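For reference, the chains in residue letters:
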Amino acid sequence: MAINIEKQNCCGCNACGDVCPKDSITFKTDIEGFWYPEINKDTCIDCGLCEKVCPVINIKQLKVNDYPKPIHTIAAINKNMRIRWNSTSGGAYTALAETMLEQQGYVTGAIYNEGFTGVHNYVSNNSGDLEKLRSSKYLQSNAEGLFREIKRLLDKREKVLACGTPCQMAALRSFLHRDYENLVIVDFICRGVNSPKVYRAYLDSLEKKYGSKVVYVKAKNKELGWRNLTRKVTFANGESYYGIHMDDDFRR
């Protein structure tokens, strides 16, 4: 079968790939660098689970409990200045994640691939991983296997704090079919994800300019001020690039 969704509406969340009982769905990048599902018709059994789990197809059902206005709103920043300094916003995720880890639970988030080739979703119960989970990466993350792993942990009665884009977290709700008392879902206000292909081309251009490989990237680096929206990129040769506001190619 084919998933009944227009390509421009697909968010590449990978829930359909995780729910497929025959692993018939894989995700391939198009010319723009975004992931889209491809179905192996030789192994597909037409079970329809891919459409049943799609957050875009089922958005009306997923939003049935929405309130016209938030029932309660809290503005918060992390009290730890070091964490705020190293975060892209106010460090709220770290506070939530630390609390879950103190309860011997698991946390999820997005981390860079080795060599900064992209970003993937990651599940951990190790506080040492918070440094790489912290901060938004501002490009589409590969969520392959994320939903299966979260469900496996929940069914074992492990506590989980799941954090991702709104479309990924809507997909998680759809994938699980029901609420879990041991699950906390956190998403964030999202203005859209960027192409990993464009991001890698951006880093390639900087590596060419500085003659060295990228070893560190931090969006919203605060060394030049909290409101300069600086992207810091450090290279193996010890040099660093600071892209401020629209002077930075990727931000522009």
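Residue positions are counted from 1 within each chain, in the order its sequence is given. Local features in this predicted model are restricted to residues whose pLDDT is 70 or higher, and side-chain atom pairs enter the listing and the counts only when it is 80 or higher, whereas totals over whole chains, interfaces and linings include all residues. In computing side-chain values, all of the structure's heavy atoms are included and hydrogens and water are not.

1. Observations regarding the side chain of Ser141
In step 1: Strands are runs of DSSP state E lasting at least two residues, helices are runs of H or I lasting at least four, and both sets are numbered from the N terminus onward. Locating Ser141 in the fold gives a position in the loop between helix H6 (130–133) and helix H7 (146–155).
In step 2: Relative accessible area serves as the criterion here: at 7%, Ser141 is assigned to the buried category.
In step 3: Polar contacts, as used here, are pairs of N or O atoms within 3.5 Å; protein pairs need one atom able to donate a hydrogen and one able to accept it. Residues neighboring in sequence count only if both atoms are side-chain atoms. Within the local environment of Ser141, its side chain forms a polar contact with the side chain of Asn121, the two groups lying 2.8 Å apart.
In step 4: By definition in these notes, contact holds between two residues if any of their heavy atoms fall within 4.5 Å. Excluding its chain neighbours within four sequence positions, the residues that come into contact with Ser141 are Trp35, Ala110, Val119, His120, Asn121 and Gln168. Each residue's exposure class comes from its accessible area (1.4 Å probe, protein chains only) as a fraction of the maximum for that residue type: buried when under 20%, exposed when over 50%, partly exposed otherwise.

2. A few points about a nonpolar patch on the surface
In step 1: Any residue with relative accessible area above 30% and no salt bridge may belong to a patch, with like charges joined within 9 Å and the nonpolar Val, Leu, Ile, Met, Phe, Trp and Tyr side chains within 5 Å. All accessibility values rest on the Shrake-Rupley procedure with a 1.4 Å probe; residue burial counts only the protein chains present in the view. The term salt bridge refers to a pairing of a side-chain nitrogen on Lys or Arg with a carboxyl oxygen on Asp or Glu at a separation within 4 Å. A cluster of nonpolar side chains, namely Met81, Trp85 and Trp226, defines an oily patch on the protein surface of about 330 Å² accessible area.
In step 2: Relative to the helices and strands, Met81 is located in helix H4 (residues 81–86).

3. A word on the sheet that holds strand E3 (residues 106–112)
In step 1: Pairing in this open sheet of 4 strands is mixed, and the strands run E4-E3-E5-E6 from one edge to the other. Two strands close off the open sheet at either side, each with one partner strand: strand E4 (119–124) and strand E6 (183–187). Shown here is a sheet whose adjacent strand axes are inclined to one another by a mean of 25 degrees, direction ignored.
In step 2: Taken together, the 6 bridges between E3 and E4 define a ladder with antiparallel strand orientation. Bridging across to E4, Ala110 finds its partner in Asn121.
In step 3: What counts as an axis is a line fitted to C-alpha atoms, over the stretch in contact for a helix, and the angles between N-to-C directions run from 0 to 180 degrees. The sheet strands contacting helix H5 (residues 92–102) are E3, E4, strand E5 (160–164) and E6, and the helix crosses E3 at an angle near 135 degrees. Each pair of strands is called paired provided DSSP finds at least two bridges between the two strands.

4. Concerning the pattern of salt bridges
In step 1: Using the criterion set out here, one finds 14 salt bridges in the structure.
In step 2: In this structure, Arg231 engages Asp248 in a salt bridge whose closest nitrogen and oxygen atoms are separated by 3.7 Å. With Arg231 in strand E8 (residues 230–235) and Asp248 in the segment after strand E9 (240–243), this pair connects stretches of sequence that are 17 residues apart.
In step 3: Using a relative accessible area of 5% as the deciding quantity, one classes Arg231 as buried.

5. Quick word on the layout of surface pockets
In step 1: For the second largest pocket, the calculated volume is near 250 Å³.
In step 2: Cavities and pockets are defined on a 1 Å grid built over the protein atoms alone: a cavity is a set of grid points where a 1.4 Å probe fits but cannot escape, while a pocket is an open set with protein on both sides within 12 Å along at least five of seven lines, and lining residues are those with an atom within 4 Å of any such point. Taken together, 14 residues form the lining of the second largest pocket, with Tyr112, Glu131, Lys132, Tyr216 and Val217 sitting closest to its centre.
In step 3: For the lining of the second largest pocket, the elements supplying multiple residues, two or more each, are E3, H6 and strand E7 (214–221).
In step 4: The element best represented in the lining of the second largest pocket is E7, accounting for 5 residues. Grid points are joined across faces, edges and corners, and a volume is the space filled by probe spheres set on the points.

On their own, these measurements won't tell you what the molecule is for.
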